[in-house]
Amino acid sequence: MVAKGLITFTGVMSWVLAALLVVAAAAGVGTASAQAAGLKKGFYKKSCPRAEDIAREVVWARVAGNRELAAKFLRMFFHDCFVRGCDASVLLDSPTNTAEKDAAPNLSLAGFDVIDEVKAALERACPGVVSCADIVALAARDSVSFQYKRNLWEVETGRRDGTVSSDQEALDDIPAPSSTFDILLANFSSKGLGLQDLVVLSGGHTIGIGHCNLFSSRLFNFTGKNNPSDNHYFVNLKAHQGMFTSDATLLTDGRAANIVDKLQDPGVFFDAFKNSIKRMGQIGVLTGANGQIRKKCNVVN
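The chain carries the name Peroxidase in an unreviewed UniProt entry, which gives Panicum virgatum as its organism. Per UniProt, the chain carries the Catalytic activity (unreviewed entry) text "2 a phenolic donor + H2O2 = 2 a phenolic radical donor + 2 H2O". UniProt annotates the chain under Function (unreviewed entry) with the comment "Removal of H(2)O(2), oxidation of toxic reductants, biosynthesis and degradation of lignin, suberization, auxin catabolism, response to environmental stresses such as wounding, pathogen attack and oxidative stress."

This is the structure in structure tokens:
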């Protein structure tokens, strides 16, 4: 059943950056690597050989007509992992409007119809095999990769779907953008992520509401050499042009400031981003006999 909660948080912009900065503050115990023991590359190689191809085909077809979907799917992935781990709980509907997607931080999420389209295609090919949680992770990667026609990072699969979704948990787990550096770092550390992940994933805030329309040219700007590039966020940050307090707080710690300096190099940033988003995708995952494989992504079986 979908857990009940009460929407008490107001405003949208008060959580945008924090939601992206603290994507690893999902429910769960132990480090990200321990939680991800059941994930692996090519998990569906035998059970559904074309799973990733099917997901990519649907996503690319939809992104071709709406480039903003890349930003939307990456945000969806962040928000899913942020609450209860990467278990597709953000996709669940509630008849009383008390699921995660009903909470203020998630009201601007979009792309659910495309996730449903991917799921329907996969159910036709391999009924009851591919989880909605993995579809969210793949959609994030594939939508961003569309303009390059190649996978920009590796997605480990094998996640299973959760059965609980609470708007109150979404509200409780997203700190304000006024959070101090120590609070943000503590959130990351409690989930097995480190200082570099905090700084690197903060670059992802360039695809949030405040910068959604600048996604292509800022986070994954095409260099002309078939390589994505982004140093705008970190260059602006060093110039003290951060969007929120939690941007500027990265410069209040000497170690973080040193990482910001290094991430102004586009190549360094993207290599680090690939590693950090992979670790983020390991937070609080359900594997093995835990969770379920939903037949439809918006309802539990």
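That was the structure; now back to the text.
Visitor: Break down the UniProt feature "active site" (unreviewed entry) in the chain for me, with residues and values.
Guide: The UniProt record marks His79 with the feature "active site" (unreviewed entry), using the residue numbering of this structure. Summarising the element assignment, histidine 79 is placed in helix H4 (residues 69-82). Accessibility expressed as a relative area gives 1% for histidine 79, which makes it buried.

Visitor: Can you explain the packing of aromatic side chains? Please cite residues and give values.
Guide: Scanning the entire structure with this criterion turns up five aromatic pairs. Taking 6.0 Å as the distance between ring centres and 75° as the angle between the ring planes, the aromatic pair formed by tryptophan 153 and phenylalanine 273 counts as edge-to-face. Note that tryptophan 153 is positioned in the loop between helix H6 (132-145) and helix H7 (167-173) and phenylalanine 273 in helix H14 (residues 266-280), a separation of 120 residues in sequence. Of the two residues, tryptophan 153 and phenylalanine 273, both sit in the buried class. Seen in terms of ring centroids, phenylalanine 270 and phenylalanine 273 are 6.3 Å apart; in terms of plane orientation they differ by 25°. Their pairing is stacked. One end of the pair is phenylalanine 270 and the other is phenylalanine 273, both in helix H14 and three residues apart, which spans about a single turn. Per residue, the accessibility class of phenylalanine 270 equals that of phenylalanine 273, and both read buried.

About the cut-offs
Residues numbered from 1 in each chain as written. Predicted model: local features only at pLDDT ≥ 70, side-chain atom pairs only at ≥ 80, totals over all residues. Heavy atoms only, no water. UniProt positions renumbered as here; feature names shortened; annotations may be inferred. Helix = DSSP H or I, 4+ residues; strand = E, 2+ residues; numbered from the N terminus. Buried < 20%, exposed > 50% of the residue type's maximum accessible area, 1.4 Å probe, protein only. Phe/Tyr/Trp six-rings, centres within 6.5 Å; stacked < 30°, edge-to-face > 60°.

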